[in-house]
Number of protein chains: 2
Amino acid sequence: MDDWLKDSDEVGPSWLTVDLAIFTLRDDQLMVLLVERGLDPFHGMPAMPGGYVQKNETLRDGALRELAEEAGIDGSRLHLEQLGAYADPGRDPRGRVVTVAYLALGPDLPAPVGGTDAARAFWAPAAHLEDGTLTLAFDHQAILTEALEEVRRKIEYTAAATAFCAETFTLRDLRTVYQVIWDQQLDPSNFRRKILNTTGFVQPTGDQWLPPTGRPAALYRRGQAWLLNPPLLRATTTGSRG
Amino acid sequence: MDDWLKDSDEVGPSWLTVDLAIFTLRDDQLMVLLVERGLDPFHGMPAMPGGYVQKNETLRDGALRELAEEAGIDGSRLHLEQLGAYADPGRDPRGRVVTVAYLALGPDLPAPVGGTDAARAFWAPAAHLEDGTLTLAFDHQAILTEALEEVRRKIEYTAAATAFCAETFTLRDLRTVYQVIWDQQLDPSNFRRKILNTTGFVQPTGDQWLPPTGRPAALYRRGQAWLLNPPLLRATTTGSRG
DNA sequence: GCAAAAGTGTTCACTCTACACCCATGC
DNA sequence: GCATGGGTGTAGAGTGAACACTTTTGC
């Protein structure tokens, strides 16, 4: 890290961007936010929201700013976490562009409204990332596919699923998050016990929610725990569990 | 990501480096590789091995090259994985330097020998990262502390522990890895069953290893599985498990 | 035989799953 | 009452921790 000044032929400057993998649940589907590119390269193609990091700005601050600018979303109430850096020499035709991908998870986020760049933003089903329906700019297809798998794994070991719920939520709401993301049904009674036996996962508010029909459901909010102990493992076809 | 050219006042170029968190087991201790800095800033202080990424080089290739240059280690046989990007504006007094940290795990690596920069390299006990014994350059203390916690978590959910073992190893060798990294004793018989019941974790070679005293032990090599299913959870004081 | 370490068996408690059952609400 | 969904109970299978026991080597 010492001598990058003396050998600028081989090293050279690079440009730093953040790109956002924003997931939410809408209509019982996992959705990802995309923007349509307005400039070359990849003009007109869908891409991850993102942009350059400014001087004197941390990566996280840059991600929060882009969240507001490109997606019209106030990031202060959603979960934001770094996924990784992507910097392959050929990934951007304009030169060495390093992008740091961030994962953002939020409750049923609004349809992006006009404003700055948000007019070009739209929600797409996350399933389309894996079935070949979508073709994205740069290496964004690969990044988002990794992000999607990370989400599926993350809700096993952490309380990340609560990030998809509103401030208060019923256990049914939380269960729906798991069912949609894992695409598998979960037994309501056993799910209930698992969650409540995992200390710090959720805490009861004391309030109730009245469904259109049926018994009222207790409301909860996120607990203080983030790492789940024990984790909430999804059923797998492979592996030694039934 | 479109318009970074037109607003160079606020954006500006950055410099891209990779830094390495290299862990190994030596004398039943988890050790981390450090180098003594030969230049300002932080002249004379210990730091992570690392350096700038060259043009037309992927991050991974840069990490492998620095592994050879700064640590004298052939990276082809050890586990290498990206940890994350660090780019806080103040982290390097010379300007915006983005570093991508890589985690490298290997079996009892040799003491670094003279060569290029490797003469300044040395192994330090990983425990010193957390007890205040060490003071490192830049934000390397924080990066390595995160890396250490990541190692402890990683061997729960993945077969990363095998990366600390040689090509072939006994179950005792593998158990020692867990015991050292988690700093807790594990029951040999139960450990044995857990490992062998986790399909694809290890596979028997058919050979044996003869200990100085005692019954010969079967030798194994890594299996094809990376994600463990079920995971191998360490005992925690908190949490709902006994 | 003795010591040491590998490897097996067994017990007991706890956890997980499936599913029956009861409870609280709107109509 | 009936339908609907929340919430509890329970039997049986499975898992995990503790530890006794057997096996294989060197001396």
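Look up a bit, the structure's there.
Residues numbered from 1 in each chain as written. Chains lettered and ligands numbered in written order. Predicted model: local features only at pLDDT ≥ 70, side-chain atom pairs only at ≥ 80, totals over all residues. Heavy atoms only, no water.

**Student:** How would you sum up the packing of helix H2 (residues 140-157) of chain B against helix H3 (residues 171-182) of chain B? Please name residues and give values.
**Tutor:** Residues and elements named next belong to chain B. The geometry of H2 relative to H3 is characterised by a closest axis approach of 10 Å and an angle of 145° between their N-to-C directions. Of the two elements, H2 crosses H3, and the hand of that crossing is left-handed. Of the residues in H3, those touching H2 at Val151, Arg152, Ile155 and Glu156 are Tyr178, Ile181 and Trp182. (Axes fitted to C-alpha atoms, helices over the stretch in contact; angles between N-to-C directions. Helix = DSSP H or I, 4+ residues; strand = E, 2+ residues; numbered from the N terminus. Left-handed = near helix turned anticlockwise from the far one by under 90°. Contact = heavy atoms within 4.5 Å.)

**Student:** Account for the pattern of salt bridges, naming residues and giving values.
**Tutor:** Two side chains that carry opposite charge are able to pair once their charged atoms sit near each other. One pass over the structure, following the stated rule, counts 24 salt bridges over all chains. The residue A:Arg152 makes a salt bridge to A:Glu149 at a minimum N-O spacing of 3.3 Å. Within this pair, A:Arg152 and its partner A:Glu149 are both found in helix H2 (residues 140-157), separated by 3 residues, close to a single helical turn. By relative accessible area, which is 17% here, A:Arg152 ends up buried. For A:Glu149, a relative accessible area of 28% translates into the label partly exposed. The partner of B:Glu81 in a salt bridge is B:Lys154, and the shortest N-O contact between them spans 2.4 Å. Of the two residues, B:Glu81 sits in strand E5 (residues 79-86) while B:Lys154 sits in helix H2, which places them 73 residues apart along the sequence. (Salt bridge = Lys/Arg side-chain N within 4 Å of Asp/Glu carboxyl O. Buried < 20%, exposed > 50% of the residue type's maximum accessible area, 1.4 Å probe, protein only.)

**Student:** Can you tell me about the protein's contact with DNA strand D, naming the residues and giving the values?
**Tutor:** Neighbouring residues of DNA strand D: 21 residues in total, closest A:Arg172, A:Arg193, A:Gly214, A:Arg215 and B:Asn190. The share of sugar and phosphate among atoms of DNA strand D within 4 Å of the protein is 60%. At a separation of 3.3 Å, a sugar or linking oxygen of DNA strand D approaches a polar side-chain atom of A:Thr213. One nitrogen or oxygen atom from the side chain of A:Arg215 is found 2.9 Å from a base nitrogen belonging to DNA strand D. Every element with two or more residues in the surface near DNA strand D is listed here: helix H4 (188-197) and strand E9 (217-222) of chain A together with helix H4 (188-197) of chain B. Tallying contributions element by element places H4(B) first for the surface near DNA strand D, with 4 residues. When the residues that make up the surface near DNA strand D are grouped by side-chain class, the tally is 6 nonpolar, 7 polar and 8 charged. (Near = heavy atom within 4 Å. Polar contact = N/O pair within 3.5 Å; in protein donor to acceptor, adjacent residues only side chain to side chain. Nonpolar A, V, L, I, M, F, W, Y, C, P; charged D, E, K, R; others polar.)

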